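The chain contents come next:
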Amino acid sequence: MPLNLWLHALEAVRGDPDLRELVVDCAQSELERVADGRPEVGLVLGRLYEATGQAQYAEDWFRHSADAGGVEAAGIVGRALADRGQVVPAITYLERAAEAGDADARTDLALLLADRAVYWLDRLGESGDEGAQGAADMLRALVKTPPDTVEE
């Protein structure tokens, strides 16, 4: 069965929770065994779990897809990690998606890196470097980042 048909099947039964669960269960039994090394399979499984409110399974499959080279999934995982404040791993995934041409990932990555730069310039300014504090203030004004919003 072509991969996108699983998503169409889920959409076709959107009003019936029992049938939605059946579609996901069938897709899981068919697709999980062939998912290794196939990012498109992990992406479809992630989308199916996402559509049925199973966020952790969805993220696990998006990560599986991204780790197998899936560009769209790399952007999804990178944004999820960034939203939770897990900046360093988020950068890795967002860079992968950005380098492959994902415009949203490029935007998210640029803003995330600017936030990190402001964070480190603030730390440098705290140690007495006046130039660093001025640079942090200018960059903060450009990206409108409030002080100390980026966690390590």
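Residues numbered from 1 in each chain as written. Predicted model: local features only at pLDDT ≥ 70, side-chain atom pairs only at ≥ 80, totals over all residues. Heavy atoms only, no water.

Undergrad: Would you mind going over the packing of helix H3 (residues 39-51) against helix H4 (residues 55-67) with me for this structure?
TA: Helix-helix packing is characterised by the crossing angle of the two axes and by the distance between the axes. Direction vectors running N to C along H3 and H4 enclose 165 degrees, while the axes themselves pass 7 Å from each other. By the angle between their axes, H3 is roughly antiparallel relative to H4. For the pair H3 and H4, the sense of crossing is left-handed. On H4, the residues touching Pro39, Gly42, Leu43, Leu45, Gly46, Arg47, Tyr49 and Glu50 of H3 are Tyr57, Ala58, Trp61, Phe62 and Ser65. (Axes fitted to C-alpha atoms, helices over the stretch in contact; angles between N-to-C directions. Helix = DSSP H or I, 4+ residues; strand = E, 2+ residues; numbered from the N terminus. Parallel < 35°, antiparallel > 145°, perpendicular 65-115°, else oblique. Left-handed = near helix turned anticlockwise from the far one by under 90°. Contact = heavy atoms within 4.5 Å.)

Undergrad: How do you make sense of the pattern of salt bridges when you look at a structure like this?
TA: Side chains bearing opposite charge may pair, as long as their charged atoms lie close to each other. Taken as a whole and judged by the stated rule, the model has eleven salt bridges. Here arginine 140 and aspartate 122 are joined by a salt bridge, their closest N and O atoms 2.4 Å apart. Taken together, the residues span a long stretch of sequence, with arginine 140 in helix H8 (residues 130-143) and aspartate 122 in helix H7 (residues 103-126) at a distance of 18 residues. As far as the burial class goes, arginine 140 and aspartate 122 line up, both buried. We note a salt bridge from glutamate 126 to arginine 123, for which the minimum N-O separation is 2.7 Å. Of this pair, glutamate 126 and arginine 123 are both found in helix H7, three residues apart, which corresponds to roughly one turn of the helix. For glutamate 126, a relative accessible area of 57% gives the class exposed. In the salt-bridge network here, residues are joined through shared partners; they are Arg47, Glu50 and Glu72. (Salt bridge = Lys/Arg side-chain N within 4 Å of Asp/Glu carboxyl O. Buried < 20%, exposed > 50% of the residue type's maximum accessible area, 1.4 Å probe, protein only.)

Undergrad: Explanation requested: a negative patch on the surface in the structure shown.
TA: A surface patch of like charges, here negative, comprises Asp16, Asp18, Glu21 and Asp25. Take glutamate 21: it is sitting in helix H2 (residues 17-31). (Patch = residues over 30% accessible without salt bridge, like charges linked within 9 Å, V, L, I, M, F, W, Y side chains within 5 Å. Areas by Shrake-Rupley, 256 points an atom, 1.4 Å probe, with all protein chains shown as cover. Lys, Arg positive; Asp, Glu negative; His and termini not counted. Charge placed at Lys NZ, Arg CZ, Asp CG, Glu CD.)

Undergrad: Whenever I open this one, the packing of aromatic side chains confuses me. Can you help?
TA: Within a pair of aromatic rings, the relevant descriptors are the distance that separates the centres and the angle that separates the planes. The final tally for this structure, using the stated rule, is two aromatic pairs. Between the aromatic rings of tyrosine 49 and tyrosine 57, the centroid separation amounts to 5.3 Å while the plane-to-plane angle is 35 degrees, which identifies the pairing as tilted. Measuring from ring centre to ring centre gives 4.9 Å for tyrosine 119 and tryptophan 120, while their planes differ by 90 degrees; the resulting arrangement is edge-to-face. Seen from the ring of tyrosine 119, arginine 123 lies directly overhead, with NZ or CZ sitting 4.4 Å from the centre. (Phe/Tyr/Trp six-rings, centres within 6.5 Å; stacked < 30°, edge-to-face > 60°. Lys NZ or Arg CZ within 6 Å of the ring centre and 35° of its normal.)

Undergrad: Explain the nonpolar core here, please?
TA: Nonpolar side chains tend toward joint burial in soluble globular proteins. Within the largest apolar cluster, 34 residues are counted, with the highest numbers of intra-cluster contacts made by Trp6, Leu31 and Leu48. Of all the secondary structure elements, the ones that give two or more residues to this core are helix H1 (3-12), H2, H3, H4, helix H5 (71-83), helix H6 (87-99) and H7. Top element by residues in this core is H6. It accounts for seven residues. Setting aside residues up to four positions removed in sequence, leucine 48 forms contacts with Trp6, Leu7, Leu10, Val24 and Ala27. (Core = buried A, V, L, I, M, F, W, Y, C linked by side-chain atoms within 4.5 Å.)

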